[in-house]
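Structural description and commentary
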Amino acid sequence: MKKGTKNLPGSSRTGGGRRLRTSNATLAYFRRHWLFYAMLILPVLYYFLFCYRAMPGVVIAFKNYNMFTGIWDSPWVGMEFFKRVAQSDPFWRSVRNTLVLNILGLVVGFPLPIILALFLNEIMHTGFKKTVQTIIYLPHFISWSVIGGMMYQFFASSGLINTVIKAFGGEAVPFLTNKPWWIFTYFIVGVWKSIGWNTIIYLSAMTGIDQEIYEAARVDGCSRFRMMTAITVPCIKGTIAIMLILAVGGMASIGFEQPYVMQNSTVMEVGDVISTFVYRVGLEQGDFSIGTAVGLAQSAINFVLVISANAVSKRVSGNGIW
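Our subject in this report is the structure included herewith.

The rules behind these values
Residues numbered from 1 in each chain as written. Predicted model: local features only at pLDDT ≥ 70, side-chain atom pairs only at ≥ 80, totals over all residues. Heavy atoms only, no water. Core = buried A, V, L, I, M, F, W, Y, C linked by side-chain atoms within 4.5 Å. Buried < 20%, exposed > 50% of the residue type's maximum accessible area, 1.4 Å probe, protein only. Helix = DSSP H or I, 4+ residues; strand = E, 2+ residues; numbered from the N terminus. Contact = heavy atoms within 4.5 Å. Expected span 1.5 Å × (residues − 1). Arc of directions from axis to C-beta. Polar contact = N/O pair within 3.5 Å; in protein donor to acceptor, adjacent residues only side chain to side chain. Phe/Tyr/Trp six-rings, centres within 6.5 Å; stacked < 30°, edge-to-face > 60°. Salt bridge = Lys/Arg side-chain N within 4 Å of Asp/Glu carboxyl O. Patch = residues over 30% accessible without salt bridge, like charges linked within 9 Å, V, L, I, M, F, W, Y side chains within 5 Å. Areas by Shrake-Rupley, 256 points an atom, 1.4 Å probe, with all protein chains shown as cover.

Attention shifts here to the nonpolar core. One finds Y202 and M206 to be the most contacted residues of the largest nonpolar core, which totals 20 residues. Put simply, the parts of the chain that give this core at least two residues each are α6 (111–122), α7 (126–137), α10 (179–207), α11 (211–219), α12 (224–235) and α13 (237–249). Ranked by residue count, the leading element in this core is α6, at four residues. Residues in contact with M206, not counting those within four places in the same chain, are A117, L118, N121, T232 and I236. Counting residues in each nonpolar core, the second largest holds 16 residues, with I147, V173, L176 and V267 among its members.

Next up, the structure:
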């Protein structure tokens, strides 16, 4: 190398020094924030052990699985179990019930946390606001097993609600045995448990709104309702879009706990969903291949729905997950 060129921008020594400074800065950053990365160890380990490590097990859907011979030594049958599932009336009934309950929750239940968060955001009394937040958050941390017991105490034919109805001269309402009433009860209990947690997400998004925008609106004489509709809602539309994409992406799936706890033999026609169908066929009847086939098809449908919902959201509102 000629004299006078060692510090030129393109020289190897300058590039090496820049890489060294970058490496030192990265090392210093991790030393300062190592605790935050250490907190990621358990979540990453959880997903690795129970999600990624279990992925090779999907081949059970294509094999006549025998627990004594193992996954890899079981005979290969191809799409046989998918064909059997497609010809099963109980499966299509569970698909119908899953879609009905999810669409009802999306159309009616999705806007409720947004509305509640908007009203909570407008409350100026700090003590009252915190009290309401605590009350609506608590159900999220209650186990579905406990909620199942509470539900029967409230909605059974001899429960608290029917006791009050009878005391006023009315007739008992079959909340848990009549199919339409069971769907109504399912929806009410689900909203009661989840509305507080979803409200947290929207309230968190609202805290990131620049308060100077509200100050400028007050100077212009805007009412609080006008600021809510013209400032708050547009500023959180990105969060709303992401939550909507995730909700649409889960249309083909449904949680196991609530349907399993609430269903009974009289409402299986509307209460049996895909998750309980997989549990009943895969675990109770021991047909692991059919259970895996249903779960794999369900995951594939959800993947397509997420991709489609994200594409539509980006095209319509400009917001998406990626």
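With 12 residues, helix α8 (residues 144–155) extends 15 Å from end C-alpha to end C-alpha; this agrees with the ideal 16 Å at 1.5 Å per step. Of the residues making up α8, those classed as buried are W144, I147, G148, M151 and F155. Looking straight down α8, one finds its buried side chains confined to an arc of 105 degrees; they lie on one side. Facing away from the buried side of α8, by more than 90 degrees, are the exposed residues S145 and Q153. Contacts from the buried residues of α8 go to α9 (160–167), α10 and α14 (257–262). Looking at where α8 begins, the residue whose side-chain oxygen comes 3.2 Å from the main-chain nitrogen of S145 is S143.

Before going further, it helps to spend a moment on the side chain of S289. Its location among the elements puts S289 in helix α17 (residues 288–316). When its relative accessible area of 3% is taken as the criterion, S289 is described as buried. At 2.7 Å, the side chain of S289 forms a polar contact with the backbone oxygen of K63. Beyond its immediate sequence surroundings of up to four residues, S289 is in contact with I60, A61, K63, N64, Y65 and F81.

By the secondary structure assignment, I123 is in the loop between α6 and α7. Residues contacting I123, with those up to four places away along its chain left out, are F128, K129 and R224.

Moving on, we come to the environment of V100. Along the chain, V100 falls in helix α5 (residues 89–109). The class for V100 is partly exposed, based on a relative accessible area of 43%. With 88 residues separating them along the chain, V100 and I188 place their C-alpha atoms 15 Å apart.

Let's shift gears to the side chain of N264. One can find N264 in the loop between α14 and α15 (268–271). Polar side-chain contacts of N264 include one of 2.9 Å to the backbone oxygen of L176.

All right, on to the packing of aromatic side chains then. With the rule as written, the count across this model stands at 18 aromatic pairs. Where F175 meets W181, the ring centres are 5.3 Å apart and the plane angle is 80 degrees; that geometry is what we call edge-to-face. For W181, a relative accessible area of 35% gives the class partly exposed. Ring geometry for Y260 against Y279: centres 5.4 Å apart, planes inclined by 70 degrees, an arrangement best described as edge-to-face.

What follows covers α7. End to end, α7 covers 16 Å across 12 residues, agreeing with the expected 16 Å (1.5 Å per residue, within 8%). For α7, the complete set of buried residues consists of V132, Q133, I136 and Y137. When α7 is viewed along its axis, its buried side chains cluster within an angular range of 125 degrees and face the same direction. When the buried face of α7 is taken as reference, the exposed residues oriented beyond 90 degrees from it are K130 and I135. Summarising the contacts, the buried residues of α7 are in contact with α6 and α10.

So, about the pattern of salt bridges. Here the structure, examined in full by the defined rule, presents seven salt bridges. For the salt bridge of R93 with E269, the shortest nitrogen-to-oxygen distance reads 3.8 Å. With R93 in helix α5 and E269 in helix α15, the pair connects residues that are 176 residues apart, well separated along the chain. A network of salt bridges, in which partner residues are shared, links R93, R96, E269, D272 and R280.

Together, Y29, F30, W34, L35, F36, Y37, M39, L40 and V44 give the surface a local cluster of nonpolar side chains, amounting to about 980 Å² of exposed area. Counting only elements with at least two residues in the nonpolar patch, the list comes to α1 (12–32) and α2 (34–38). Take the nonpolar patch: its biggest share by element is four residues, from α2.

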